[in-house]
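Each chain, letter by letter, is given below.
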Amino acid sequence: MNNAQFIVRKVAVLGAGVMGAQIAAHMVNANIETFLFELPAEADDPNAHVTKAIEKLKKHEPAPLSVKSKAAFIEAANYDQHLEQLKTCDVVIEAIAERMDWKQALYEKVAPYLGEQTIFASNTSGLSINRLAQAFPEALRHRFCGVHFFNPPRYMHLIELIPCEQSDALMLDNLESFLVTYLGKGVIRAKDTPNFIANRIGVFSLLATMHHGRESGLAFDEVDALTGALIGRPKSATFRTADVVGLDILAHVIHTMRDTLPDDDWHSYFETPDWLRGLIDEGALGQKTKRGVYQKVGKEIQVLDLAENTYRASCGEVHDELKQQLKYSKPVDRIAIMRNSQHAQGQFLWAIHRDLFHYCAVQLEHIADNARDLDLAIRWGFGWEHGPFEIWQEAGWKQVADWINTDIAAGKSMSNKPLPSWVQTISEQVHTSQGSYAPVTGTIHQRSELPVYHRQLYPDRLIGEDATYGETIFETDAVRMWHTGDKIAILSFKSKMHTIGKDVLNGILDALKEAEKNWQAMVIWQTEPPFSAGANLKQATERPKPQHVEKRVPAPPSLFEKFFKQFKKSAQATVLKAARELDMADALMARKLAEVEAMIDQFQQTSQALRYSMVPTVAAVDGLALGGGCEFVMHCDRVVATMETYIGLVEAGVGLLPAGGGCKEFALRAAQTAVEGDPFPQLKKYYQTVAMAELAKSAEQAKELGFLRPADTIIMNRFELLHAAKLQAMTLAESGYRPPLRMRAIPVAGNTGIATIESMLVNMHEGGFISDHDYLIGKKIAYVMCGGDLTPGSLADEEWFLQLERAAFMELLATEKTQARIEHTLKTGKPLRN
């Protein structure tokens, strides 16, 4: 390929199955024109198969599309009528079924239609890239490679990039850069070996877990209780993950390993268990058929009991002593606790870790360039908190190696193959601040020097790598203000979940004063998500966590369906931490309410200070931005948000309303976009967003709901967030920034707007859709957002709306039913409708 700038204007995805359709969805999420190809249908519409697949995208959970309207930008195509369109595409991704013969036949069919510079890539999860390349004319093979997305493509960070022998080096660099910035992915270059890196190691770990679970006599739900969050893996653990992936898919991957790895020293374990084969024969394939290892009957989760050959209620638990030891011990001690445990569960955990470490050490040089690539592949592709080598290193490299060798000699390991010599020759660290160990060269390999990675000021780091965030300007127990050697100040919160208490508010105000004196702009950026889980009206009692141990943990695919359902629950609990200590005794309540009101006033002052600072303020948002966190976002001059930003004003769900300037801000935005001076049509939409505690499930949806403005920027890669936010801040500063003029004449919807909303609330109340207290909350929100009992079109300033917010918030907080909602949510983690 030539050295001209690489630009991707159009992409084609071949195959409209589950993966193909979702890859196409993620392309349009990134605003890339996309064709989705499938075999022609025999019906009147030849594109019927693709049309059906696109419609399914709108209903799928977790949502593959950032907003449903994106589906309209996927262009349906079929192989009989539209192959000429491939010539216009810069990248073509094949995502049909995992059949070598089918893929090769398709390649022969489409090859004549590819453009002169088109990159053709296969999404195969484990077939040989070099064998697939043979289906192309030799002159095209330099533009062929593998790009293995993980399911679901929108959410999983990992893409494995696998070259064939003829793949052009510049083509691979260009494609990697595109995947990183424009699709937001973490790219790992894998060698052309069966199942590549993540599936090779991840599936081996699953097989080892199955084997040792059976040997230890542990039930499926007991294994899942042991192999989930307790050891830093997804809550879906082992068998729940298998159900989500699909038991037929799992069996296929095991079959591939058995057939393609005959010389693997662990080959005897690459067999599909009888119970798994039996479930597949019965059509019980897991989540997609609503029965697999688990099934749901009514509200009860049931698990397959192999001994009884029937389902029973799932109740697997970890032995209390082992659970307490692992939960409260230091990471460095956990592997030793497992090995020294006399309980069957502890011995099981040691066995699965021992065999995982053993397998990774033996296979590393064959499947990956270095230890970093293997660890990040497992973290990004399987959602583990740490990769295998990280866990090993943290537990003491040489000590664990000695334990493994002892078990190999005793015949306890799944293989008697000795650990490779490099394990004994390196120091205590396979990961260092200089790089990670590469066994083929026997050297430490630094991170990639591709220019795209210069945008990642703080990439996802590994245990053993330095974790220094710039130079400190000032630091308190609640916040840290720092810089990276330029004139942009960065503010990071240190509270748990980055909640906002008095100390954080004081820190923001102090930071703004410092920024106005000595800096050109200020960016609010957290060293790990979330941006902020909202206001914490009581002073946080948790010890501040040092920034150097903060870690980004990508959510596993099987958690996403639960994730959005739990948004409101977690948000409400966070917003209401203030109420944890609210005594119901009248005198104590009066004292606490006064403290809360003072904090609300300070919160509003801080929001306004962000808006009217003499230096530009930029919110760099990733993950949750709830309640007060959302209000701060709305008051910054600009927002740079990752696509996976989930933002909302959630207070209504627990009987309150936004009082940090959120209601005021929506009233202001409605007035600014009013048609013929009437703010109510737009205000009505904003009212529904606030009253229903709506949460945006993407940054794109946040724009639709009004939390983000049209001028705000959305990026795809969370590790490029600080880079992009600093560029925005510098652009504002270098453009002669001045804060906006204070709004002193905001037209209000007034009493007519209030009456209109109340009529809707009456209908909902009479229909039984809302309770008496819901009705009261809805009225209070309407009163504030409409500007109170004024004539429509009357003019009010911002302070007027802020006063209304404070008063309505305190009135609701003083009611018994709001207090009951607060108490119930804090005790149970669930909302109360009363």
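The text that follows walks through the structure, step by step, so that each part is easy to find.

### Describing the overall build of the chain
Across its full length, the chain holds 29 helices and 23 strands. Whereas a compact globule of 834 residues would reach a radius of gyration of roughly 28 Å, the chain reaches 28 Å, a difference of no more than 12%. Seen along its three principal axes, the alpha-carbon backbone of the chain occupies a region of about 80 × 65 × 60 Å. Of the roughly 33,700 Å² that the chain leaves accessible, carbon and sulfur atoms contribute 50%. A gap of 3 Å separates the mean positions of the 88 positive and 103 negative side-chain charges of the chain.

### Some remarks on helix α13 (residues 344–367)
With 24 residues, α13 extends 33 Å between its outermost C-alpha atoms, agreeing within 8% with the 34 Å of an ideal straight helix rising 1.5 Å per residue. The largest bend along α13 measures about 35° and falls at Ala361. In terms of burial, α13 is a largely internal element, 20 of the 24 residues being buried.

### Quick word on the pairing of strand β10 (residues 300–305)
Pairing geometry for strand β9 (residues 294–297) and β10, over four bridges, is antiparallel. Looking at the pairing, Gln295 lines up with Gln302 of β10. Here β9 folds back onto β10, and the loop between the two strands holds two residues, one of which, Gly298, carries a positive phi near 65°. Bridge analysis of β10 against strand β11 (residues 310–313) gives four bridges, and the strand direction is antiparallel. Within the sheet, the bridge partner assigned to Gln302 lies in β11 and is Ala313. Turn length for the β10-β11 hairpin, with the two strands adjacent in sequence and antiparallel, is four residues, and the turn residue Asn309 shows positive phi of about 55°.

### With respect to the sheet that holds β11
Taken in spatial order, the three strands make up an open sheet running β9-β10-β11, and their pairing is antiparallel. Each edge of the open sheet carries a strand with a single partner, namely β9 and β11. Strand after strand, the sheet turns through a mean of 40° between neighbouring axes, direction not considered.

### Focus on empty space enclosed by the protein
Inspection of the entire model under this criterion finds seven cavities of 30 Å³ or more. Its boundaries defined by the atoms lining it, the second largest cavity holds a volume of some 40 Å³. Forming the walls of the second largest cavity are 10 residues, and the residues nearest its centre are Gln526, Glu528, Pro529, Asp622 and Leu721. When grouped by side-chain class, the residues that make up the lining of the second largest cavity number six nonpolar, one polar and three charged.

### A closer look at the side chain of Thr645
Mapped onto the fold, Thr645 is located in strand β20 (residues 638–648). Separated by 2.9 Å, the side chain of Thr645 and the backbone oxygen of Thr642 make a polar contact. Apart from the residues within four sequence positions on either side, Thr645 is in contact with Val621, Asp622, Gly623, Ala696, Lys697, Ser698 and Ala699.

### A few points about the environment of Leu83
Assignment of secondary structure puts Leu83 in the loop between β3 (74–78) and β4 (91–94). Given a relative accessible area of 8%, Leu83 falls into the buried group. When the C-alpha positions of Leu83 and Glu321 are compared, they lie 63 Å apart, and in sequence the two are 238 residues distant.

### What to know about the state of the cysteines
What we call a disulfide is simply a covalent bond connecting the sulfur atoms of a pair of cysteines. Tallying each qualifying case throughout the model produces zero disulfides. A disulfide-free cysteine, Cys89 has its sulfur positioned 16 Å from the sulfur of Cys145, the nearest such atom. For Cys89, a relative accessible area of 3% gives the class buried. Here Cys636 is not disulfide-linked; the sulfur of Cys630 is the nearest cysteine sulfur, at 11 Å. Residue classification places Cys636 among the buried positions, given a relative accessible area of 1%.

The rules behind these values
- Residues numbered from 1 in each chain as written.
- Predicted model: local features only at pLDDT ≥ 70, side-chain atom pairs only at ≥ 80, totals over all residues.
- Heavy atoms only, no water.
- Helix = DSSP H or I, 4+ residues; strand = E, 2+ residues; numbered from the N terminus.
- Rg over C-alpha atoms; globule rule 2.2 N^0.38 Å.
- Areas by Shrake-Rupley, 256 points an atom, 1.4 Å probe, with all protein chains shown as cover.
- Lys, Arg positive; Asp, Glu negative; His and termini not counted.
- Charge placed at Lys NZ, Arg CZ, Asp CG, Glu CD.
- Expected span 1.5 Å × (residues − 1).
- Bend = angle between axes of the 7 residues up to and from the residue.
- Buried < 20%, exposed > 50% of the residue type's maximum accessible area, 1.4 Å probe, protein only.
- Pairing = 2+ DSSP bridges.
- Axes fitted to C-alpha atoms, helices over the stretch in contact; angles between N-to-C directions.
- 1 Å grid on protein atoms, 1.4 Å probe; cavity = no way out; pocket = protein on both sides within 12 Å on 5 of 7 lines; lining within 4 Å.
- Points joined across faces, edges and corners; volume = space filled by probe spheres on them.
- Nonpolar A, V, L, I, M, F, W, Y, C, P; charged D, E, K, R; others polar.
- Polar contact = N/O pair within 3.5 Å; in protein donor to acceptor, adjacent residues only side chain to side chain.
- Contact = heavy atoms within 4.5 Å.
- Disulfide = S-S within 2.5 Å.

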